[in-house]
Amino acid sequence: MKFAKIIMLNFALLTLSGCVGGLTERQEREYAAFENDGVLVEEKTPTLGAVLGILPGARSFYTGNPGRGITNLLLWPFSILWEPVNGWNGARKINYDMTAYRLKKQHEEELLILEFQYKNGEMDNNEYFFKLQRLTQKYQYQY
């Protein structure tokens, strides 16, 4: 009986350690806004991540977690219980991070151009602050 409890506890710990949490509420809203605005970088396909979750360890390798892939391969067929969800969540996290990174870089580049134009006298204070405000609004995805 004691042996069964130890096995169950280890199984529960392994199951929880292999989970990939989903996006936070704020990230979910931003993700939807990225999709609506057509700026989402789809580095990984969530559906493919979920489908690969059925195969032993494949989801973990697809989403860049080879260590977890080996663990989930060893836990197969039990890993089928959590891996499709983790594949979906993992792909969406990668897409969210890549989109946020790309937008941050674009914002920084456009800010540099705007500041360069202002410093070279290509616009006055009013025009600079107006364009700066528009640029800030363009890259603001927190709702």
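Above this text you will find the structure in question.
Residues numbered from 1 in each chain as written. Predicted model: local features only at pLDDT ≥ 70, side-chain atom pairs only at ≥ 80, totals over all residues. Heavy atoms only, no water.

Another aspect to go through is the overall build of the protein chain. Across its full length, the protein chain holds 7 helices and 0 strands. Listed N to C, the secondary structure of the protein chain is α-α-α-α-α-α-α in terms of helices and strands. Within the protein chain, buried positions represent 30% of all 143 residues. Sequence-distant contacts, at least 24 apart, represent 69% of the contacts inside the protein chain between residues at least 6 apart. Of the accessible surface of the protein chain, which amounts to about 9,400 Å², a share of 61% is contributed by carbon and sulfur atoms. (Helix = DSSP H or I, 4+ residues; strand = E, 2+ residues; numbered from the N terminus. Buried < 20%, exposed > 50% of the residue type's maximum accessible area, 1.4 Å probe, protein only. Contact = heavy atoms within 4.5 Å. Areas by Shrake-Rupley, 256 points an atom, 1.4 Å probe, with all protein chains shown as cover.)

A few words now on the packing of aromatic side chains. Counting across every chain of the model gives 3 aromatic pairs. An aromatic cluster of at least three residues, connected via ring pairs, comprises Tyr118, Tyr128 and Phe129. The ring of Tyr62 has Lys44 sitting right over it, with the charged end atom 4.7 Å from the ring centre. Cation over ring: Arg92 sits above Tyr31, and NZ or CZ is 4.1 Å from the ring centre. (Phe/Tyr/Trp six-rings, centres within 6.5 Å; stacked < 30°, edge-to-face > 60°. Lys NZ or Arg CZ within 6 Å of the ring centre and 35° of its normal.)

On to the packing of helix 2 (residues 25-37) against helix 6 (residues 83-119). Interhelical geometry of helix 2 versus helix 6 gives an angle of 70° and a closest axis separation of 11 Å. Our classification of the angle between helix 2 and helix 6 gives roughly perpendicular. Remark: the crossing between helix 2 and helix 6 carries left-handed chirality. On the side of helix 2, the interface is formed by Arg26, Gln27, Glu28, Glu30, Tyr31 and Phe34, while helix 6 contributes Arg92, Asn95, Tyr96, Thr99, Ala100 and Leu103. Taken together, the residues that form the contact of helix 2 with helix 6 break down as 5 nonpolar, 3 polar and 4 charged. (Axes fitted to C-alpha atoms, helices over the stretch in contact; angles between N-to-C directions. Parallel < 35°, antiparallel > 145°, perpendicular 65-115°, else oblique. Left-handed = near helix turned anticlockwise from the far one by under 90°. Nonpolar A, V, L, I, M, F, W, Y, C, P; charged D, E, K, R; others polar.)

Now for helix 2. Under the 1.5 Å per step criterion, the end-to-end length of helix 2 is 18 Å for 13 residues, consistent within 8% with the ideal 18 Å. Listed as buried for helix 2 are Gln27, Glu30, Tyr31, Ala33 and Phe34. Relative to the axis of helix 2, the buried residues are bounded by an arc of 165° and lie together on one face. With respect to the buried face of helix 2, the exposed residues turned more than 90 degrees away are Glu25 and Asn36. For helix 2, the secondary structure elements touched by its buried residues are helix 3 (46-52) and helix 6. One or two positions beyond helix 2, positive phi appears at Gly38, with a value near 70°. (Expected span 1.5 Å × (residues − 1). Arc of directions from axis to C-beta.)

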